[in-house]
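The residues making up each chain are set out below.
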Amino acid sequence: MDDRDKTMAVRERTRDESFVESEQVILEGIDISGQWNRMYEPREITDYDLTYMDKLTDIPGAESMGWCYQCAQCIPACPVDTAGGDYGPRKIYRRLQTGTDIFQHQDMWLCTSCMNCLRVCPKEVDMIKIMPAARAVAVLEGQVPSELQEMFQSVAEYGNPMGQSARRRTRWTRGVEVDVRILPKDPAPVEVLWFVGDYYAYHGRGNDAAQAMARVFDHLGVDFGILGADERCDGDSQRLAGEPGLFEELAQHNIEQFGKYEYDKLVVSGPHAYNAVKTEYPKLNGGGEFPVEHYTQFLSQRLEALQPRLTKPFARKVTFHDPCYLGRHNGEYEAPRQLLMAVPELDLIEMFRCKQQGYCCGGGGGGMWLDGLAADHQVERLSENRVKEAVFVGAEVLAVCCPYEVSRFEDAVKSTGNDGKLEVLDIIEILDQCME
Amino acid sequence: MNIIVLMKRVPDLVEDLEVDDTGKALDSEYLKLTLNEFDDHALEEALLIKESGGGEVTVVALDDEGVDKMLFTALAKGADRALKITGAGEVDGNLQLARMFAQVIGEQPHDLILTGVQAADDRDGQLAPTVAALLEMPCVEVVNGVTPGEGRLTLHKEYAGGVLAEFEVDLPAILGIQAARQTPRYAPVSKVRQVQEATTLETVADTSGAAPSEFEVVVMTPPETGEGAQMLTGVEELLEILETKGVIG
């Protein structure tokens, strides 16, 4: 019996009339009615309309929502609830149980798919599978928040959420003094195919990190090339936000590009690209895996070559924010820390919520494009909550290694009144600054 | 109600537009065509009217490379039929285009015709009124809200300076849509694919005999760059300027 059948069977059983308590039961002349020894009223749960609970748990992938037994361990683990969002799987289950149409409710969109709830859930209610599956149904029904719809539109039309021309993908290379090989123009075999990603390619602060990466690769003598205008958004966030068709289109395009060149390693800038290429792309590639590494993994394996080149000290207190899709989702906690610890005089301090228990920046699962919705339904942004923690532990620099995070946290530094107190830097920028 | 939406593809302004070597036309090497955004609003308004009162929405466009995806997307959003006008060749200007559309509309059942009020490649807003003149039906331009009624429509039209007017128009009529009542909807990729696999686009040959315009492009140039804006560094600087100009005392 697979999971879906199990859920169905449980549900059928609870609907069976033999499970509804009778007002009075006399068995062989003895009154065995339950009311006299119970302090509660008969449960009213069957009075509610379970249409939307059924609609959700009938979606392949979303069955586990029905397994929740309301223990509420997920609630303090949920970053959205922590930020005042009145959220978490237990609360969603309860709302469904009492008849809420979640397909027209903000609960459908607030989850950032950070996976912290699944870590503590004894029933394995899996929001990472539930949310994309349920959202795909909502999107097909036209129930998409407008800010998210705009992003889908841009990605579908231009291959990136900014709605920018593909030709501008390489514009950042103009500001860097090292050669960046663009593989479609120069397709000779290459050691590293670097998947730059949308935010590194198009966002101003991302450009800084992309240029830093090119310089660090150059310092280390890494032979690298990029896809240039042929690269498309990795699609992971679009998949998690409920557009599986768009994800497939993007993934198939990128897989086709990867197939055109000979390379040893596929290095990605972002944890979402890492997650997509590592776990999702093979499903569309006949099971064929890619030699993919997040840049922190690639560089941490080259510490012997890297460390002697880190000659300028960085005498500041630095804390590191674990990206959900590098850490919890893919188990990589050490590579970024090894890089930071290799920097001379850098004082690495940890926040309370780190590694497996790391807090979410709010950008995952489509959250990057749902700031308006989050503002309407949360007391604060997740990024603001996180920045306050970084300041609290005494950090002067918040180091990140996800392209979504620099702009999110920089905004949060300003909006929490911490301008000038905390600097947000991509790890690659710190490494670049410390090289001669 | 039979609603026809006239759609056209225009150069995508996300790409840098460059003038080609002749100095008379856009360089087509990097030119990407996309649906005219006002036509997207016209389609959205048509779908909203259909959803509120029933009817059938037919989208019509000239055949070109890439038009199929645009039409399948319109079907995925909720249009019922898509018509491609074939054999039109190079079309030059809205007069010629209007003649082609008018001929096709004449052959189809129609109560209401919607199109974008203007397009990035014309900005003259002449398509709707020209089609209306050819078909001898009423036309309202710059419409940003339609309420369907019995045999007639109530419309909101926008004038310069934020002035709004309410119109009533008898059907059949043609409207130049400025903005739909809501943001044009999104068609999920899987739905577009589904439609693409299950539907064949209808084609209709252009027999209008519409001739290209007799105007000739003499020269095409990008706008001249001005001196640029002066970036101010602080409020003091702003106050100083306002004082110098006598705006504040």
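The model shown is predicted, which means the values in this text are computed figures rather than measured ones.

Enquirer: Would you take a moment to explain the overall build of chain B for this structure?
Expert: Each helix and strand counted, chain B has 6 helices and 11 strands in total. Referenced to the eigenvectors of the C-alpha coordinate spread, the extents of chain B come out at roughly 65 × 50 × 40 Å. In chain B, buried positions account for 34% of the 249 residues.

Enquirer: Got a minute to help me understand the overall build of chain A in this structure?
Expert: Within chain A, the secondary structure is distributed over 21 helices and 11 strands. Scaling as 2.2 N^0.38, a compact globule of 436 residues should have a C-alpha radius of gyration of about 22 Å, and chain A matches this with 25 Å. For chain A, the spread of C-alpha atoms along the three principal axes comes to 95 × 45 × 35 Å. Relative to its 436 residues, chain A shows a buried fraction of 48%. Put simply, 78% of the contacts in chain A that link residues at least 6 apart link residues at least 24 apart.

Enquirer: How should I be thinking about the environment of A:Asn116 in this particular structure?
Expert: Residue and element names in this part refer to chain A. Note on placement: Asn116 falls in helix H7 (residues 116-120). Under the C-beta neighbour-count criterion, Asn116 is labelled buried, with 24 such atoms within 10 Å. As a C-alpha pair, Asn116 and Cys74 span 42 residues in sequence and 7.7 Å in three-dimensional space. Each residue touching Asn116, except ones within four places of it in the same chain, is listed here: Ala77, Cys78, Pro79 and Arg328.

Enquirer: How should I be thinking about the sheet that holds strand S6 (residues 263-268) of chain A in this particular structure?
Expert: Either a parallel or an antiparallel arrangement is found when strands of a sheet pair, and the pairing is made through backbone hydrogen bonds. All names here are of chain A. Within the open sheet, the 5 strands sit side by side as S3-S5-S4-S6-S7. Their pairing is parallel. The open sheet has two edge strands with one neighbour each: strand S3 (181-182) and strand S7 (292-294). As defined by bridge partners, S6 adjoins S7 across 3 bridges and the pair is classed as parallel. In the strand pairing of S7, Val268 is matched with His294. Here helix H14 (residues 271-280) sits on the sheet and contacts strand S4 (190-195), S6 and S7; the angle it forms with S7, its principal contact strand, is near 160°.

Enquirer: What's the story with the nonpolar core in this structure? I'm lost.
Expert: A general trend in soluble globular proteins is that nonpolar side chains are found buried together. Among the nonpolar cores identified, the biggest contains 184 residues, and A:Leu398, A:Ala399, B:Val5, B:Val59, B:Val60 and B:Phe101 are the most heavily contacted of them. Leaving out residues up to four positions away in the same chain, A:Leu398 has contacts with A:Thr319, A:His321, A:Val387, A:Ala390, A:Phe409, A:Leu422 and A:Val424.

Enquirer: Just to check I follow, could you spell out the sheet that holds strand S8 (residues 317-320) of chain A for this structure?
Expert: Residues and elements named next belong to chain A. The strand order across the open sheet formed by 4 strands is S9-S8-S10-S11, and the pairing between neighbours is parallel. Among the strands making up the open sheet, the edge pair consists of strand S9 (347-349) and strand S11 (423-426). Neighbour-to-neighbour, the strand axes of the sheet open up by a mean angle of 35°, direction not taken into account. The sheet contacts of helix H20 (residues 405-415) involve strand S10 (397-400) and S11, and relative to S11 the element is tilted by about 175°.

Enquirer: Before we go on, may I ask you to explain the domain arrangement of chain A in this structure?
Expert: Size of an interface: often given as the accessible area lost when the parts come together. Residue and element names in this part refer to chain A. If you check the domain split of chain A, you get domain 1 (3-140), domain 2 (159-300) and domain 3 (306-433). Taking only C-alpha atoms, the centre of domain 2 and the centre of domain 3 are 22 Å apart. Residue-level contacts link 31 residues of domain 2 with 30 residues of domain 3. If you list the elements that add at least two residues to the side of domain 2 that touches domain 3, you get helix H10 (198-202), helix H11 (204-219), helix H12 (236-240), H14 and helix H15 (295-300).

Reading guide: rules and limits
Residues numbered from 1 in each chain as written. Chains lettered and ligands numbered in written order. Predicted model: local features only at pLDDT ≥ 70, side-chain atom pairs only at ≥ 80, totals over all residues. Helix = DSSP H or I, 4+ residues; strand = E, 2+ residues; numbered from the N terminus. Buried ≥ 20, exposed ≤ 12 C-beta atoms within 10 Å, placed from the backbone. Rg over C-alpha atoms; globule rule 2.2 N^0.38 Å. Contact = placed C-beta atoms within 7 Å. Pairing = 2+ DSSP bridges. Axes fitted to C-alpha atoms, helices over the stretch in contact; angles between N-to-C directions. Core = buried A, V, L, I, M, F, W, Y, C linked by C-beta atoms within 7 Å. Domains from an automatic or database assignment.

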